[in-house]
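Spelled out from the first residue to the last, the chains are:
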Amino acid sequence: MTLHIKMDDKVDADRLEEMVQGVVGEPLDRPDGPLKVSGMAPYAMDALPDGSLFGVLVRSTVPAGRMTGADSDAIEALPGIRAVVIDDRFLRNPAQGMAGAAPVQDPHAIAYFGQPVALVVGETFEQARHGALMLGLTLESDRDVVVAPDSPGVEIETPEKKQQSSGDLAKAMREAAHTVDGTYTTPSHVSAAMEPHAAIARWDGDDVVLRGSYQMLRFNRAELADSLGIDEKHVRILSPYVGGGFGSKLGIAPEAVAAAIASKKLGAPVAVAMSRQQVFETVMRRSETSQRIRLAADAEGRLTGIGHEALVSNLPDEKFSEPVTQATPFLYRGKNRVIGHRIARLHRTCAGSVRAPGEAVGVTMLEIAMDELAVASGIDPVELRLRNIPDEDPTQGIPFSSNKLAEALRMGADKFGWDRRSAEPGSVRDGEWLVGMGMASAVRVNMLIEAKARVTLTSDGRARVETDMTDIGTGTYAILTQVAAEMLGLPVESVETRLGDTDLPPGSGSGGSFGAASNGTAVFLACEEIRRRLCDRLGCEPGDLTLKDGKAITGNRSIPLAEVLAGETIVAEGHAEPGEAEDKVRQATFGSYFAEVGVNSVTGETRVRRMLGVFSAGRILNAKTARSQCLGGMTFGIGMALTEEIFHDPRDGHIVNRDFAEYHLPVNADVPQIDVVLLEERDAWANPLQAKGIGELGICGAAAAVVNAIHNSCGVRVRDLPATLDKVI
Ligand code: MOS
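Per an unreviewed UniProt entry, the recorded name for the chain is Xanthine dehydrogenase, and the organism is Aquibium oceanicum.

### As for the overall build of the chain
Broken down by element type, the chain carries 18 helices and 29 strands. The C-alpha radius of gyration of the chain comes to 27 Å, within 12% of the 27 Å expected for a compact globule of 729 residues. Projected onto its principal axes, the C-alpha positions of the chain cover 80 × 75 × 50 Å. For the chain, the proportion of its 729 residues judged to be buried stands at 57%.

### A few points about unusual backbone geometry
A negative phi angle characterises most non-glycine residues, just as the trans form characterises most peptide bonds. Residue proline 722 is reached from leucine 721 by a cis peptide bond, and omega for that bond is -5°. Considering the arrangement of structural elements, one finds proline 722 in the loop between helix H17 (702–714) and helix H18 (725–728). Even without a glycine there, the phi angle at arginine 355 is positive, about 40°. Even without a glycine there, the phi angle at alanine 566 is positive, about 45°. Secondary-structure assignment places alanine 566 in the loop between helix H14 (561–565) and strand E26 (570–578). Accessibility expressed as a C-beta count within 10 Å gives 8 for alanine 566, which makes it exposed.

### Thoughts on the packing of helix H9 (residues 359–377) against H17
Two elements in contact, H9 and H17, have axes whose closest approach is 8 Å; the angle formed by their N-to-C orientations is 30°. With respect to each other, H9 and H17 are oriented roughly parallel. Handedness of the crossing formed by H9 with H17: right-handed. For the pair formed by H9 and H17, the contact residues are Thr364, Glu367, Ile368 and Asp371 on the first element and Ala703, Ala704, Val707, Asn708 and His711 on the second. Considered class by class, the residues forming the contact of H9 with H17 number four nonpolar, three polar and two charged.

### Description of the nonpolar core
If you look at the biggest cluster of nonpolar residues, it comprises 229 residues, and the most contacted ones within it are Val120, Ala259, Val455, Ala484, Val523 and Val706. Among the elements that line this core, the one with the most residues is H9, at eleven residues. With sequence-adjacent residues up to four places away left out, valine 706 is seen in contact with Gly438, Ala595, Val597, Val608, Gly637, Ile638, Ala641 and Leu642.

### Notes on the sheet that holds strand E22 (residues 495–498)
Read from one edge of the open sheet, five strands run E1-E26-E20-E21-E22, paired in mixed fashion. The outermost strands of the open sheet, each flanked by one partner alone, are strand E1 (2–7) and E22. Strand after strand, the sheet turns through a mean of 15° between neighbouring axes, direction not considered. Pairing between E1 and E26: six bridges, direction parallel. Residue pairing in the sheet places leucine 3 in a bridge with glycine 574 of E26. Running at roughly 140° to E22, helix H12 (residues 476–488) makes contact with strand E20 (451–457), strand E21 (463–466) and E22 of the sheet. Packed on one face of the sheet, helix H13 (residues 515–538) meets E1, E20, E21 and E26 and runs near 140° to E26.

### A short note on the sheet that holds strand E19 (residues 433–445)
One open sheet holds the five strands; their spatial order is E18-E19-E27-E28-E29, and the pairing between them is mixed. Of all strands in the sheet, those with a lone pairing partner are strand E18 (429–430) and strand E29 (673–678), marking the two edges. Most of the contacts of H17 go to E19, to which it runs at about 155°, and overall it touches E19, strand E27 (588–600) and strand E28 (606–616).

### Brief notes about H9
Between the first and last C-alpha of H9 there are 25 Å, a value that for 19 residues agrees with the 27 Å anticipated at 1.5 Å per step. Along H9, 18 of the 19 residues are buried, which leaves the element largely enclosed by surrounding structure. Just downstream of H9 lies glycine 378, where phi reads positive at about 70°.

### Details of the domain arrangement of the chain
The domain boundaries assigned to the chain delineate domain 1 (2–41 + 448–581), domain 2 (53–143 + 192–282) and domain 3 (356–446 + 584–728). In this structure, domain 1 and domain 2 have C-alpha centres spaced 37 Å apart. Each partner contributes residues to the interface: domain 1 has 15 residues there, and domain 2 has 19 residues. Looking at the side of domain 1 that touches domain 2 residue by residue, the classes come out as four nonpolar, seven polar and four charged.

### Points about the pairing of strand E11 (residues 198–204)
Within E11, five of the seven residues are buried, which leaves the element mostly enclosed by the surrounding structure. Here E11 runs beside strand E12 (residues 207–212); their pairing, made up of six bridges, is antiparallel. Each bridged residue has a counterpart across the sheet, and for isoleucine 200 the counterpart in E12 is arginine 211. Linking E11 back to E12 in an antiparallel pair, the connection comprises two residues, with glycine 205 at a positive phi of about 65°.

### Structural notes on the pairing of strand E17 (residues 336–345)
Along E17, seven of the ten residues are buried, which leaves the element largely enclosed by surrounding structure. Where strand E8 (residues 155–157) meets E17, three bridges bridge the pair, whose relative direction is antiparallel. Counterpart to glutamate 157 in the pairing with E17 is isoleucine 343. The pairing of strand E9 (residues 164–166) with E17 spans three bridges and is classified as antiparallel. Opposite serine 165, over in E17, you have valine 338 as the bridge partner.

### With respect to H17
An ideal rise of 1.5 Å per residue puts 18 Å on 13 residues; H17 measures up with 19 Å between its terminal C-alpha atoms. Burial analysis of H17 places 13 of its 13 residues in the buried class, the great majority of the element.

### Considering the environment of isoleucine 699
The residue isoleucine 699 is located in the loop between E29 and H17 in this model. The buried category is assigned to isoleucine 699, around which 31 C-beta atoms lie within 10 Å. Measuring from C-alpha to C-alpha, the distance between isoleucine 699 and isoleucine 638 comes to 9.0 Å, with 61 residues separating the pair along the chain. Every residue in contact with isoleucine 699, bar those within four places of it in the chain, is listed here: Arg355, Ala356, Ala360, Gly633, Phe636 and Gly637.

### Notes on the packing of helix H16 (residues 623–642) against H17
To characterise two packed helices, one gives the angle between the axes of the helices and the distance between these axes. Contact geometry for H16 and H17: axes closest at 7 Å, N-to-C directions at 50°. The orientation of H16 with respect to H17, classified from their angle, is oblique. The interaxial crossing formed by H16 with H17 has right-handed handedness. In this structure, H16 contributes Gly633, Met634, Gly637, Ile638, Met640, Ala641 and Leu642 to the contact, and H17 contributes Ala702, Ala703, Val706 and Val707.

### A look at the environment of glutamate 17
Residue placement: glutamate 17 occurs in the loop between E1 and helix H1 (33–37). Among the residues examined, glutamate 17 registers 11 C-beta atoms within 10 Å and is labelled exposed.

Here is what the cut-offs are and how they apply
Residues numbered from 1 in each chain as written. Predicted model: local features only at pLDDT ≥ 70, side-chain atom pairs only at ≥ 80, totals over all residues. Helix = DSSP H or I, 4+ residues; strand = E, 2+ residues; numbered from the N terminus. Rg over C-alpha atoms; globule rule 2.2 N^0.38 Å. Buried ≥ 20, exposed ≤ 12 C-beta atoms within 10 Å, placed from the backbone. Axes fitted to C-alpha atoms, helices over the stretch in contact; angles between N-to-C directions. Parallel < 35°, antiparallel > 145°, perpendicular 65-115°, else oblique. Left-handed = near helix turned anticlockwise from the far one by under 90°. Contact = placed C-beta atoms within 7 Å. Nonpolar A, V, L, I, M, F, W, Y, C, P; charged D, E, K, R; others polar. Core = buried A, V, L, I, M, F, W, Y, C linked by C-beta atoms within 7 Å. Pairing = 2+ DSSP bridges. Expected span 1.5 Å × (residues − 1). Domains from an automatic or database assignment.

Right, here's the structure in full:
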């Protein structure tokens, strides 16, 4: 039995509020936590079957051209080497898997430096690595390959559907009392998940089982089948534990296809793990961006016009492009608008979704421009934003499902002590440090993605939740356990959640901040169905049933669940789908960031001293995991502001700094006290849980608070991230 909901309208009652356990929302520890910290949770490379062979990828050293040969025979003669595998299907999707993507015309074409072209398989990892290092490739390099967005001859695409304009922005700029007009840039970023990409493939006849590290299993299954040219019913993927994804594992990557092809060929399990350098080079990056931002405001700081025109890049023919301006159409008021989106076609590592694609860099730069407008108009930055919150989505003319931006701004200012800020740069000193405060708004679109889950209530009064949803470190195991425990009146210890197996009902996957709310809704619906079936047995109406402490209570009866079940098991499925609600209201999550920094007046070094984020995202499903997501997002915000930057070699586009020693993520010493406040909110348009996504909200503008604090401390305005000391001194 399946209970299904399509979100065409808002839900009419708060069905979860009627539950009495109060488990949803609690800061429940992760049930998977002890396994993880004791090293017992099997990650992708932790469950090697007996007789496994090891594959090491070999990469192209030219940015574009063809591979015309390889000295495979010499390598296959080396001790322990079982095969050099070169297969058209490696190159079929040059970047990440995308089911249904057109195969490249030339199966030996190379699209970027670092693209995998061969797999050397050995009996040990060391033998395979040696063979991979020794393998000689014959590569023909194209001449005049374009690897930088400002190279002469670069092809720039202007997709018509992604350009928007209304009113007359040029006129609004001419007539404005205050304006900002600048170009803001961000470099390429990488996801930087802790667990590198890895896969172990083994075949049983025509069926392949792949253990790997992926975010979106039902899609990944289709992608792998497509890449191998087989039907997806022959593919099973297992990803019960994922050591971070941040977008890099949304799609399958070359190690999955290579492991599956080699395993089939050799008739043995084959494990392929990428080195850190390979992850940097061959998985994907966030595109660098160049953003022209124009703001026009009247004397009171009310926006009359906004222009946000982005130039991003990707490989030729790739469909994805960084949606920089995604939140610009609705964050602030202003009738005259220009939204622009252009894509430079380059031979650099594929650009894909990295840590909140769009808003992470788009809102950040818009919020730096807003700070410049605050300075230009002499209006306090918090007040400037409060004056510009629209009553409805100003572009689409539809209401917000909810919008707590004003509350987040006011509460943040209050809790941070914003009234102690001096508006005058350079006026607060602490020894050789110049101290300043900055702030920014947070905004991220909210999505519901189709999801299914199965819940089984067994005769001993325990429940099992099953879906192919993943937990990428975000807390899915905890949250789905809580939803089921709440709905079925069970202690959380009586609920077991199984994830990460495509044999289970297809979930939403983890990405885009949609996982917890989408898959949580599927679990909620399955449990509602179980409650109905219990009512059938008890002869009561669902409204008269209370489930608590493992008992069913109705009228004056209180009966242990095991007794109601009388030796039987109830199995139910929940199925959630997005619907017309998406077009009726603008759904988004909002918040505010506040940062205090010290800028060293001698070296130009910036240290973040404290930081606060206030966020609203509908019902919070787990106060601890939600807070942790926000802390992580703001930490990445510090990285984006101060240190994170991929350097591409200007000759061939290759990523020069391809490890954690040279790609600088913030470490503990860089991260100060961060406080997170989660605002109470329910969003009846989102789903029956009235919860929205919070995973990525914490990074969507965070870096701007830091950059704006730098300006407040010393008067230096950085428009080109990261704000390294050479730019600040
Ligand atoms: Mo996300 S960057 O959609 O995993």
